[in-house]
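# Residue-level structure breakdown
Chain by chain, the residues:
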Amino acid sequence: MSAVAETTRTQDLKARTHATHDQLDQRIMANQPFASRDNYARFLDAQYRFLRDADALYDNPELAKLFPDLAERRRYVSIAADMGDLGRALPQLAEAPISSQLDVATAMGWLYVVEGSKLGAAILYKLANKLGLDEKFGARHLAGHPDGRARHWRAFTSALDGLMLDEESEARVTAGAVSAFACMNAHLDQVYA
Ligand code: HEM
C-alpha cells in the first residue's frame, strides 16, 4: 500500500489562486500604497469596496452554522472607520452587496479569500504604521486579531477543511474564490484607472 499525499481544501484553494494572488499583490505594491497617506487612501477605497461586497457573508445564516465565530470576523465597521479617519466619504453604492446573492458553497470560496487577506494584512499593517496609522486610526481593518492572526486563520481553515462537500459544491467553492479575486481586481481597475 502506498501513502497518498492528500491536500486540504484550503491548500487546493491556495494552489488554484496562487498566480492571481501574486498578480494582485504586485499590482497593489506597484501603485505604492504606503508612499503617502493619499496613496494609502486610494488603496483603502478599493479595500472598502471589496469588504463591502463581502459584508453579507458575515450574517449569512447558512455560513453561520458552519463557522461559529463568523459575525466576529467581519471588518466592515473597521474599514468604514478607516475611511472616516482618512477623510474619505463612503462611496454611494446603491446595489446590494454581491455576497448577498451567493449560494452557500460559492460564499465559502469568497470567505476563504476575504479571511485569507487578513494574513497578507500583517505586512500591510506594518507598512501603514510608518504612515502613523494603526489599529486606532486609519489601519483598523489591517490590525491582527487579539488571538493572533495564525490562530484566527487556523480556526477558519479547520472549519472549512472539515466540511464534507460533493463535487459540484467543491467546484463552486473554487469558483467563488476565483470570483472574489476578480472582484478585487475590478475595484483596483477603478481606483487605479
Ligand atoms: C499588497 C497586498 C498583499 C500582500 C503583500 C499579500 C501578502 C500575502 C501573504 C504574505 C500571504 C501568506 C501569509 C502566510 O502564509 O502566512 C497572503 C495570504 C493570502 N492573501 Fe494576500 N496579500 C495581499 C493582498 C491580498 C488581497 C487584496 C487579497 C484578497 C482580495 C489577498 C488574499 C489572500 C489569501 C486568500 C491568502 C491566504 C492564502 C492561503 O494560505 O490559503 N491578499 N497574502
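Summary of the structure given here. (Residues numbered from 1 in each chain as written. Predicted model: local features only at pLDDT ≥ 70, side-chain atom pairs only at ≥ 80, totals over all residues. Heavy atoms only, no water.)

## Observations regarding the overall build of the protein
Helix and strand counts for the protein come out as 7 helices and 0 strands. Starting at the N terminus, the α and β elements of the protein follow one another as α-α-α-α-α-α-α. Taken over C-alpha atoms, the radius of gyration comes to 17 Å for the protein, in line with the 16 Å a tight globule of 193 residues would show. Judged by the C-alpha coordinates and their principal axes, the protein covers about 60 × 35 × 35 Å. The buried share among the 193 residues of the protein stands at 44%. Sequence-distant contacts in the protein: of pairs separated by 6 or more residues, those separated by 24 or more amount to 83%. Summed over all atoms, the accessible surface of the protein reaches about 10,300 Å², with 54% contributed by carbon and sulfur. Separation between the mean location of the 22 positive side-chain charges and that of the 26 negative ones in the protein comes to 6 Å. (Helix = DSSP H or I, 4+ residues; strand = E, 2+ residues; numbered from the N terminus. Rg over C-alpha atoms; globule rule 2.2 N^0.38 Å. Buried < 20%, exposed > 50% of the residue type's maximum accessible area, 1.4 Å probe, protein only. Contact = heavy atoms within 4.5 Å. Areas by Shrake-Rupley, 256 points an atom, 1.4 Å probe, with all protein chains shown as cover. Lys, Arg positive; Asp, Glu negative; His and termini not counted. Charge placed at Lys NZ, Arg CZ, Asp CG, Glu CD.)

## Let's talk about the coordination of the iron atom of the ligand
Among protein residues, the single donor to the iron atom of the ligand is His21 (NE2), with a metal-donor distance of 2.1 Å. Turning to its location among the elements, His21 is positioned in helix H1 (residues 9-30). (Donors = N, O, S within 2.8 Å, 3.2 Å for Na, K, Ca; no water.)

## Remarks on helix H5 (residues 104-129)
Residues spaced three or four apart along an α-helix point in a common direction, a consequence of the helix completing one turn every 3.6 residues. The terminal C-alpha atoms of H5, which comprises 26 residues, lie 36 Å apart, in line with the 38 Å expected from a rise of 1.5 Å per residue. The axis of H5 is deflected most strongly, by about 45 degrees, at Gly120. Capping of H5 at its N-terminal end is provided by Asp103; its side-chain oxygen lies 3.1 Å from the backbone amide nitrogen of Ala105. (Expected span 1.5 Å × (residues − 1). Bend = angle between axes of the 7 residues up to and from the residue. Polar contact = N/O pair within 3.5 Å; in protein donor to acceptor, adjacent residues only side chain to side chain.)

## Here's the deal with the site of the ligand
The ligand sits among 19 residues. The nearest are His21, Met29, Tyr112, Gly116 and Gly120. At a separation of 2.9 Å, a nitrogen atom of the ligand approaches a polar side-chain atom of His21. Here an oxygen atom of the ligand and a side-chain polar atom of Tyr112 are 2.6 Å apart. At the level of elements, H1, H5 and helix H7 (167-191) are the ones that each hand at least two residues to the shell around the ligand. By residue class, the composition of the shell around the ligand is 12 nonpolar, 5 polar and 2 charged. (Near = heavy atom within 4 Å. Nonpolar A, V, L, I, M, F, W, Y, C, P; charged D, E, K, R; others polar.)

## Some words on helix H4 (residues 76-85)
Ser78, Ile79, Ala80, Asp82 and Met83 are the residues of H4 that are buried. Packing partners of the buried residues in H4 comprise helix H2 (37-54).

The analysis is restricted to geometry; functional conclusions fall outside its scope.
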